[in-house]
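Read off the chains here:
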Amino acid sequence: MNRAAVNPDAGLACYAALQASSRGRRHHEPSHPYRGEFQRDRDRIVHSSAFRRLVYKTQVFVNHEGDLYRTRLTHSLEVSQIARTVARQLGLNEQLVEAICLAHDLGHTPFGHAGQDTLNKCMRDYGGFEHNLQSLRVVDELEDKYASFPGLNLCFETREGILKHCSSRNARKLGEMGKRFLDGEQPGLEAQLVNLADAVAYNHHDVDDGIRAGLLTVEELCSVRLFGDQHEGVRKAYPDISERALIHETVRGMINLIVTDLLDCTRVSLDKVQPVDIDAVRKLPKPLVSFSDAVFEQHQALKSYLHKKLYRHPRVMEMSHRADKVVAGLFAVYFSDPGSMSSEHAVRAAAYAAEQGDAGRARAVADYVAGMTDRYALSAYHRLVDASLEL
Ligand code: MG
């Protein structure tokens, strides 16, 4: 039986990112007989090697600390399911949302933020290092899979969503992709949504992981309203509930509350502004996807609590300090001897150095180190610098 291909824009709202009005790919490609363009983007991301490496990259806890903690991969999946739920309700492009979610952390270094800060310091004289810009670099340049172009050749809207923030200095170098940061424009609603879903996901899973690790206490968390209110409600409704289920029900209630608020608040804004298409969304003075003021305040309070109590906890800081050593040590070794990197990176270092001297060589080293998983970086450090360091 011969059936007409399904229209990928069917059922989407006028303000969604539609395939029909997409700004397209950098390198022209023929369309696929039965997969839409954003579905193809998602599929390319899932098949990329950077995506597979996310499973061994730290979110907050180093991968080998335990099997139950979030990694960059499970974090990306949690972001995706939150954002897809909202996208479907608002008539946004769910496949584009999923593609952006799965790609948003591809540029993260090993060892979470500690790794990124150290790499940025190593690159101080060579243009710096931003993990978010690196995610775009991975999909635009570094994945080496296709015969006729570098990277994954993703659609403009997917790339726009991946690049959440960017310094003006870097924006100027990015041409069309950097323009909105210089002009003060917004990205499409799908990108706005993923940005908030990212924060919702990590705030809540870090509460769960932090309690599990014994770094946060339930008693103290109860002083944070978002947690305290839900905890109290669950405890009253189920007085005999187990400690573990109580925490899970509390976190579940928090996510539900904040996602419902996001949905309701964004619906009201869409109703008021009535953008006719994605370009009208881009020209607005501020993002349309948002929480209510009251819930945003609670969300921020939880975020600053986690900054103080979890991300700066002595045990996390101690791990960060050692991660620092690994990243800086590897950068120094590879920068002085690019031939000791794996062959494709050594070739790239030679090519970049021929064009841009030391800055080019440093960029190739940063690309290599940023792409490493926690355990790969640690074993390279043991081999090349110091076999005795433990994380
Ligand atoms: Mg993230």
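Scroll up to find the structure.
The rules behind these values
- Residues numbered from 1 in each chain as written.
- Predicted model: local features only at pLDDT ≥ 70, side-chain atom pairs only at ≥ 80, totals over all residues.
- Heavy atoms only, no water.
- Helix = DSSP H or I, 4+ residues; strand = E, 2+ residues; numbered from the N terminus.
- Rg over C-alpha atoms; globule rule 2.2 N^0.38 Å.
- Areas by Shrake-Rupley, 256 points an atom, 1.4 Å probe, with all protein chains shown as cover.
- Donors = N, O, S within 2.8 Å, 3.2 Å for Na, K, Ca; no water.
- Buried < 20%, exposed > 50% of the residue type's maximum accessible area, 1.4 Å probe, protein only.
- Salt bridge = Lys/Arg side-chain N within 4 Å of Asp/Glu carboxyl O.
- Phe/Tyr/Trp six-rings, centres within 6.5 Å; stacked < 30°, edge-to-face > 60°.
- Disulfide = S-S within 2.5 Å.
- Axes fitted to C-alpha atoms, helices over the stretch in contact; angles between N-to-C directions.
- Parallel < 35°, antiparallel > 145°, perpendicular 65-115°, else oblique.
- Left-handed = near helix turned anticlockwise from the far one by under 90°.
- Contact = heavy atoms within 4.5 Å.
- Nonpolar A, V, L, I, M, F, W, Y, C, P; charged D, E, K, R; others polar.
- Expected span 1.5 Å × (residues − 1).
- Bend = angle between axes of the 7 residues up to and from the residue.
- Polar contact = N/O pair within 3.5 Å; in protein donor to acceptor, adjacent residues only side chain to side chain.
- Core = buried A, V, L, I, M, F, W, Y, C linked by side-chain atoms within 4.5 Å.

**Q** Got a sec to walk through the overall build of the protein chain? Specific residues and values, please.
**A** Each helix and strand counted, the protein chain has 18 helices and zero strands in total. Here the C-alpha radius of gyration of the protein chain, 22 Å, is about what a compact globule of 391 residues would show, namely 21 Å. Seen through its C-alpha atoms, the protein chain measures out along the principal axes to roughly 60 × 55 × 50 Å. Summed over its atoms, the accessible surface of the protein chain is roughly 18,300 Å², and 51% of this surface lies on carbon and sulfur atoms.

**Q** So what's going on with the coordination of the magnesium ion? Which residues, and what values?
**A** Here the magnesium ion is held by H75 (NE2), H104 (NE2), D105 (OD) and D198 (OD), and the distances to it run 2.1 to 2.6 Å. Residue class for H75 comes out buried when judged on its relative accessible area of 0%. Classification of D198 by relative accessible area gives buried; the value is 7%.

**Q** Requested: an account of unusual backbone geometry, with residues and values cited.
**A** Here the phi dihedral of F111 falls at roughly 65°; this positive angle occurs in a residue that is not glycine. Accessibility expressed as a relative area gives 1% for F111, which makes it buried.

**Q** Outline the pattern of salt bridges, listing residues and values.
**A** The tally for this structure, following the rule as stated, stands at 34 salt bridges. The closest approach of N and O atoms between D140 and R26, which form a salt bridge, is 3.9 Å. With D140 in helix α6 (residues 131–142) and R26 in the segment before α1 (37–46), the pair connects residues that are 114 residues apart, well separated along the chain. Under the relative-accessibility criterion, D140 is labelled buried at 8%. In this structure, E318 and R322 form a salt bridge, with 3.0 Å as the shortest nitrogen-oxygen distance. Note that E318 and R322 are positioned in helix α16 (residues 314–336) at a spacing of four residues, about one turn of the helix.

**Q** Got a sec to walk through the packing of aromatic side chains? Specific residues and values, please.
**A** Geometrically, a pair of aromatic rings is defined through the distance of the ring centres and the angle of the planes. Applying the stated criterion across every chain, the model contains five aromatic pairs. Seen in terms of ring centroids, F331 and F335 are 5.9 Å apart; in terms of plane orientation they differ by 10°. Their pairing is stacked. In this pair, F331 and F335 both sit in helix α16, four residues apart, roughly one turn of the helix. For F335, a relative accessible area of 16% translates into the label buried. Their ring planes at 70° and their centres at 5.1 Å tell us that Y334 and Y368 sit as a pair that is edge-to-face. Of the two residues, Y334 is situated in helix α16 and Y368 in helix α17 (residues 343–371); the sequence distance between them amounts to 34 residues.

**Q** So what's going on with the state of the cysteines? Which residues, and what values?
**A** Across all of its chains, the model carries zero disulfides by this definition. C14 carries a free sulfur, and the closest cysteine sulfur to it, the one in C265, is 19 Å from it. Residue C155 stays outside any disulfide, its sulfur separated by 16 Å from that of C101, the closest cysteine. A relative accessible area of 2% means that C155 is categorised as buried.

**Q** Tell me about the packing of α1 against helix α4 (residues 94–103), residues and numbers included.
**A** Contact pair α1 / α4: the axes reach a minimum separation of 8 Å and the direction vectors enclose 25°. In terms of orientation, α1 lies roughly parallel with respect to α4. In the packing of α1 onto α4, the handedness of the crossing is left-handed. In contact with F38, Q39, D41, R42, I45 and V46 of α1, α4 contributes Q95, L96, E98, A99, L102 and A103. A breakdown of the residues in the contact of α1 with α4 according to their chemical character gives seven nonpolar, two polar and three charged.

**Q** Mind laying out α17, listing which residues take part and the relevant values?
**A** If you check α17, its first and last C-alpha atoms are just 14 Å apart, much less than what 29 residues at 1.5 Å a residue would give, namely 42 Å. Its maximal kink placed at Q356, α17 deviates by approximately 150°.

**Q** A description of α1 should follow, citing residues and the corresponding values.
**A** For α1, the tally of buried residues reaches eight of 10 residues, placing the bulk of the element in the interior. Structurally, α1 contributes buried residues whose contacts are with α2 (49–53), α4 and α7 (156–162).

**Q** How would you explain the side chain of N170 if you had to name every residue and give the values?
**A** One can find N170 in helix α8 (residues 168–173). For N170, a relative accessible area of 7% corresponds to the buried category. Separated by 2.9 Å, the side chains of N170 and E130 make a polar contact. Beyond its immediate sequence surroundings of up to four residues, N170 is in contact with E130 and L133.

**Q** Which residues make up the nonpolar core, and what values go with them?
**A** The biggest cluster of nonpolar side chains holds 59 residues, and the ones touching the most others in it are L92, L189, L193, V207, I211, L221 and L302. Mapped onto this core, the elements with two or more residues apiece are α3 (72–90), α4, α10 (189–212), α11 (218–221), α12 (225–237), α13 (243–273), α14 (278–282) and α15 (293–311). Dropping the residues within four chain positions of it, V207 is found in contact with L216, L221, F227, V251, L302 and L306. Core analysis: the second largest hydrophobic core is formed by 52 residues, F111, A114, F156 and A323 among them.

**Q** Explain the packing of α13 against α15 to me, using residue names and the numbers behind them.
**A** Remark: α13 packs on α15, axes separated minimally by 10 Å, with the N-to-C direction vectors making an angle of 140°. In terms of orientation, α13 lies oblique with respect to α15. In this structure, the crossing between α13 and α15 has a hand that is left-handed. Residues M254, L257, I258 and D261 of α13 lie in contact with α15, whose contacting residues are V295, H299 and L302. Along the lines of polarity and charge, the residues of the contact of α13 with α15 split into five nonpolar, one polar and one charged.

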